[in-house]
Amino acid sequence: METMTTACVKLNAQASNKTEAVRLAGQLLVDAGYIDPGYVDSMLKREEVANTFLGSAVAIPHGMVEDRHLIHHTGVAVVQFRDGVSWKDGDRAQLVVAIAAKSDEHIVLLRRLTRLMQRPQSIESLVATNDAQLIMGTLADEPVQTTSPVTAVQEWPNDAQSVWTLDYPNGLHARPATRWVDTAKRFACELRVYKGQEFADAKALTGLLSLGASRGDSLRFAARGPDARRAVDALLDVVHSLSSEEKADAERARRNALAARRSAPDWLPGGSPQAIYGIGASPGLAIGALVRHVSHQFDVHDIPGDVVAEGEALEAAVLAISQELETLEAQTRSRLGATEAAIFAAHRELIADADLLRDALASILRGHGAAWAWQNALQTRVEKLQGVADPLLAARALDLRDVGERVLARMLGIERQRLVLTQPSILVAEDLTPSDTLQLDMAFVVGLAISSGGPTSHTAILARTLGLPAVVAAGSALLAAPEGQLAVIDGSVGAVYLDVSQSDQDAAAAVIERQLVARNTLRESRYLPATTSDGHTIEIAANVANAKQASVAIEAGAEGVGLMRTEFLFLERNSAPDEDEQYRVYREMTEAMGGRTLIIRALDIGGDKKVAYLNLPQEENPFLGVRGARLLLIRQDLLYTQLRALYRAAAHGPIRIMFPMVTHTSEIEALREHCERARAQVNGPELKIGIMVEVPAVAVMADKFAPLVDFFSVGTNDLTQYTLAIDRQHPALAAQADSLHPAVLDLIARTVAAAKKHGTWVGVCGGLAGDPLGARILTGLGVDELSMSAQDIASVKATLRGDSFNAMQQLAQRALAAGSADEVRAL
């Protein structure tokens, strides 16, 4: 009996959902005599436990292994859905190839199918054809001549597209790319990112990274299918919103590096030890024995098995590792922080990549074993990433290999061995994965020396967080160093010293002791108030987005929350949070704060944080358009939902409400009236109402605003942008948007003076508050509170305690008299 007949091909079919589509394809096989009707139910059962979407708009539904007795003959049915059918996780199938296989007679067809998937134009022609013979001929082992030639599609037709020039200083790397993928997956349409003639599926992380997109590259975002325009716009919103974060990270790294170069090393050897130089990836000094860390080498043999069983084994391993990574992400967030936890969120995306899974499954369908197929697909992608010119993107190959080998070890039943140490050790490795780094025995590992890699690798990030001195890119000389030899590693300079004299070892040990005392003192004193040497105290608070971050900040020494950003409740979703959802979030915040000051900023949408589902009009310059308070006064549905939730939550703990982007006194007068009306609706307590000072007009007219508000909070990021007329997302100008510019400091001084005159409290919640020099100048200007990232709290507190208020006042006056931000920093 033929595996496929024209009776098992249905063109231009319609189905409202996946279940209907599977039943339709299964019924073709029933009617043709290939299967018992019960096998259709088996196919649906398979859909509950596995994803049969193969990629490129192709799905291959098939039944459970235990139900093969319901198959009379091996057969294949093809149903064409030109409009597509929603399959799983946003994927849409246009070609449904139902398979009923008694053994392996269908392998030839599947090999041809997977080869076709490497040429998207071939699949597109099958989706569009009106000729059933064309489908049979294309999928059969020998091509069938037809009167309908296959036309190669030179240009991918789309329903919406936009072009954007990548302005991320470090190019498109894993953390922003993960956000792109998260956004793309919210939409059912196909979404591609083009770089020249290359393209990647926007829902596939490894594909995006393999583009090797660097700063200045022109990218085209194209989509087709339902919500194509919304999908492109939403992706562009996320792309733009990440620009400021990426530039801020790069600028912070630049300044840190500059400061490191300007300062003399804490220790230099007096003798002539052998020095192996690399790149300093994490500062600090340590002494220890060199210990080699050798990565596990997987010896994988290609052992073919039952195609379905091998596919299930791969799916089970990927699912298990994904769950492990989710747990590891939560543990890392609790132990180290959100930035470090994001590494493992990116790892989960890497193994969830549809292209990677499709290639592995395609190899299985061609008769290869699951472990071999996975390793082969993995290695292909790793090599492609390693070949990218951008070193930051090439470093992501290590992350892909790390998570991919987790899956491989799972399939092979291999347990990763933990290195057992008994003395202070400097770990030497060709490379070290994030997973390896987190498994280190911190009781004995004192430093990391890596022959490859770079300072932007995830391992370097973890080393900095863990406080381990680290040197990367030290070359083959490092690997040739004798194991067990005592060495000194200096992560600040980027060097590993061998054959160090006893006197130099003693000197290094003394420096290490001083550094340890300083770190411990900083940690132990994190709960002490920021009281200057002459008795002036300033409040130190944190900027957060949720209750978990608030708890971390309090543990780090925060005395309150000076800014809770509520826009994150509204981003990356398809509808606005309702009143009850917002109430629960704000109540959790009050409970986490335990009675401490909590300032919650009302919705700040617009500018770099647009939301597609609000259907706001496109603006030429959104930073100067309808955003913040301007939007809330227009969209009172958003305003009242949030205000009612805030007043309800205030019954559980003190809350202050802060409005962003206020420009006119009439706006705050109207907002106060709305607050009172919302309070009355829910019978809530009276709350303090304040505004952000981020528009220069408010700072200039602060004496007019002060009587109308209970507090000011200076947002130095936007105030700087508007004062200097510099878009802080502009690739060429962002570095000049320095909040220590005397013009910005003068506006802050005006605000403080007007506030003091009217008895109005003033805080600062912008990036300047977490800068040690900025904190001293702001304190000298007379602000009441500084709110910053949790990681900056202990050091800023210590800085303020180590100086007098009088000296900081003098410093502030000198800063106001300076002619540029560089002159201020030179103070």
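Just so it is clear, the model here is predicted, and its values are computed rather than measured.

Reading guide: rules and limits
Each chain has its residues counted from 1, running along the sequence as written. This being a predicted model, a pLDDT of at least 70 is required before a residue's local features are given, and a value of 80 or more before pairs of side-chain atoms are given or counted; all residues contribute to the totals for chains, interfaces and linings. The side-chain quantities take in all heavy atoms of the structure and omit both hydrogens and water. Between rings of Phe, Tyr and Trp, where Trp is taken as its six-membered ring, a pair exists when centres lie within 6.5 Å; planes separated by under 30 degrees are stacked, by over 60 edge-to-face, and by other angles tilted. We count a stretch as a helix when DSSP gives it H or I for four or more residues in a row; a strand needs E for two or more, and each element gets its number in order from the N terminus. Residue exposure (1.4 Å probe, protein chains only): buried if accessible area is under 20% of the type maximum, exposed if over 50%, otherwise partly exposed. Between N-to-C directions, angles span 0 to 180 degrees; the directions come from axes that are lines fitted to C-alpha atoms, helices contributing only their stretch in contact. Should an angle lie under 35 degrees it is considered roughly parallel, over 145 roughly antiparallel, and from 65 to 115 roughly perpendicular; all remaining angles are considered oblique. Note: crossing handedness is left-handed where the near helix turns anticlockwise from the far helix by less than a right angle, and right-handed where it turns clockwise. Residue contacts follow a heavy-atom distance rule, with two residues in contact if any of their heavy atoms lie within 4.5 Å. Classes in brief: Ala, Val, Leu, Ile, Met, Phe, Trp, Tyr, Cys and Pro nonpolar; Asp, Glu, Lys and Arg charged; the others, Gly included, polar. Contacts described as polar in this section are N or O atom pairs within 3.5 Å, which, within protein, must combine one atom able to donate a hydrogen with one able to accept it, while residues neighboring in sequence count only if both atoms come from side chains. We treat two strands as partners when DSSP finds at least two bridges between them. For crossovers, right-handed means that the path from the first strand over the helix to the second runs clockwise, given strands pointing away from the viewer. One less than the residue count of a helix, multiplied by 1.5 Å, gives the span that helix is expected to have. In this context, the arc is that of the directions from the helix axis out to the C-beta atoms. Confidence of the predictor at the level of single residues is given by pLDDT, which spans 0 to 100.

## Here we look at the packing of aromatic side chains
Evaluation of the coordinates by the stated rule reveals eight aromatic pairs. Between Trp-164 and Phe-221 the ring centres are 6.5 Å apart and the planes differ by 40°, which places this aromatic pair in the tilted class. One end of the pair, Trp-164, is in strand E6 (residues 160-165); the other, Phe-221, is in strand E9 (residues 218-224), and 57 residues separate them in sequence. Like Trp-164, the residue Phe-221 is buried in the burial classification. Relative to Tyr-497, the ring of Trp-267 has its centre 5.4 Å away and its plane inclined at 80°; by these criteria the two rings are edge-to-face. Of this pair, Trp-267 sits in the loop between helix H8 (228-262) and strand E10 (274-277) while Tyr-497 sits in strand E17 (residues 495-498), placing them 230 residues apart in sequence.

## Regarding the packing of helix H20 (residues 579-593) against helix H22 (residues 636-649)
In contact at an axis separation of 8 Å, H20 and H22 are set at 40° when each is read in the N-to-C sense. The orientation of H20 with respect to H22, classified from their angle, is oblique. Viewed along their axes, H20 and H22 form a crossing whose handedness is right-handed. Facing Glu-579, Asp-580, Gln-582, Tyr-583, Tyr-586, Arg-587 and Thr-590 of H20, the residues of H22 in contact are Thr-641, Gln-642, Arg-644, Ala-645, Leu-646, Arg-648 and Ala-649. For the contact of H20 with H22, the class distribution of residues is five nonpolar, four polar and five charged.

## Structural notes on the environment of Ser-533
Mapped onto the secondary structure, Ser-533 falls in the loop between strand E18 (530-531) and strand E19 (537-544). The class of Ser-533 is exposed, set by a relative accessible area of 58%. Taking the C-alpha atoms as reference, Ser-533 lies 4.8 Å from Ser-804; in sequence the two are 271 residues apart. Within polar-contact distance, the side chain of Ser-533 engages the backbone nitrogen of Ser-804 at 3.4 Å.

## Side note on the sheet that holds strand E4 (residues 75-86)
Spatial strand order, E1-E4-E5-E3-E2: five strands in an open sheet with mixed pairing. Since the sheet does not close on itself, it has two edges, and those belong to strand E1 (9-10) and strand E2 (53-55), each with one partner. Direction of pairing for E2 relative to strand E3 (residues 58-59): antiparallel, over a ladder of two bridges. Opposite Gly-55, over in E3, you have Val-58 as the bridge partner. Running at roughly 155° to E4, helix H1 (residues 18-31) makes contact with E1, E4 and strand E5 (92-100) of the sheet.

## Notes on the pairing of E6
Alternating residues of E6 divide into Ala-160, Ser-162 and Trp-164, all buried, and Gln-161, Val-163 and Thr-165, none buried. As paired elements, E6 and E9 share six bridges and run antiparallel to each other. Bridging across to E9, Ser-162 finds its partner in Phe-221.

## Description of the pairing of E19
Extensive coverage of E19 is indicated by the burial of six of its eight residues. Here two bridges tie E18 to E19, and the two strands are oriented antiparallel to one another. Among the inter-strand pairings, Thr-531 is bridged to a residue of E19, identified as Thr-537. Connecting the antiparallel pair E18 and E19 is a turn made up of five residues, with Gly-535 showing a positive phi of about 95°. Of the strand pairs in this sheet, E19 and strand E20 (residues 560-565) are connected by three bridges, and their pairing is parallel. Paired with Ala-542 across the strands is Val-561, a residue of E20. Handedness of the β-α-β unit built from E19, helix H19 (residues 547-555) and E20 comes out right-handed.

## Points about the packing of helix H28 (residues 772-781) against helix H30 (residues 805-817)
Running from amino to carboxyl end, H28 crosses H30 at an angle of 100°, the nearest separation of the two axes being 7 Å. The angle between H28 and H30 places the two elements in the roughly perpendicular class. Each of Leu-773, Arg-776, Ile-777, Thr-779, Gly-780 and Leu-781 in H28 lies in contact with H30, whose residues at this interface are Phe-805, Met-808, Gln-809, Leu-811, Ala-812, Ala-815 and Leu-816. Its residues assigned to classes, the contact of H28 with H30 comprises nine nonpolar, three polar and one charged.

## Some points on the environment of Val-552
The topology assignment puts Val-552 in helix H19. The exposure class assigned to Val-552 is partly exposed, which follows from its relative accessible area of 40%. Residues Val-552 and Ala-790 lie 238 residues apart in sequence; the distance between their C-alpha atoms is 7.3 Å.

## Regarding helix H23 (residues 665-682)
The end-to-end C-alpha separation of H23 is 27 Å, in line with the 26 Å expected for 18 residues at 1.5 Å each. Of all the residues in H23, the buried ones are Glu-667, Ile-668, Leu-671, His-674, Cys-675, Ala-678 and Arg-679. All buried residues of H23 project into a common sector of 140° when viewed along the axis, lining one side. For H23, the exposed residues lying more than 90 degrees away from the buried face are Glu-673 and Ala-680. Summarising the contacts, the buried residues of H23 are in contact with helix H21 (629-634), H22, strand E22 (656-659), strand E23 (688-693) and helix H25 (702-705). At the exit of H23 stands Asn-683, carrying a positive phi of roughly 55°.

## Remarks on the confidence of the model for the protein chain
Taken as a whole, the protein chain shows an average pLDDT of 83; of its residues, 85% reach a score of 70 or greater. Segment residues 141-154: pLDDT under 50, and 16 contacts once partners within four positions in sequence are set aside and those in other chains are kept. Counting contacts from residues 256-263, a segment whose pLDDT is below 50, to residues more than four positions away or on other chains yields zero contacts.

## Observations regarding the sheet that holds strand E8 (residues 198-201)
Taking strand neighbours across the sheet as the criterion, the four strands line up as E6-E9-E7-E8 in an open arrangement whose pairing is antiparallel. The sheet is open, and its two borders are formed by E6 and E8, each paired with just one other strand. The mean inter-strand angle of the sheet, taken between neighbouring strand axes irrespective of direction, is 25°.

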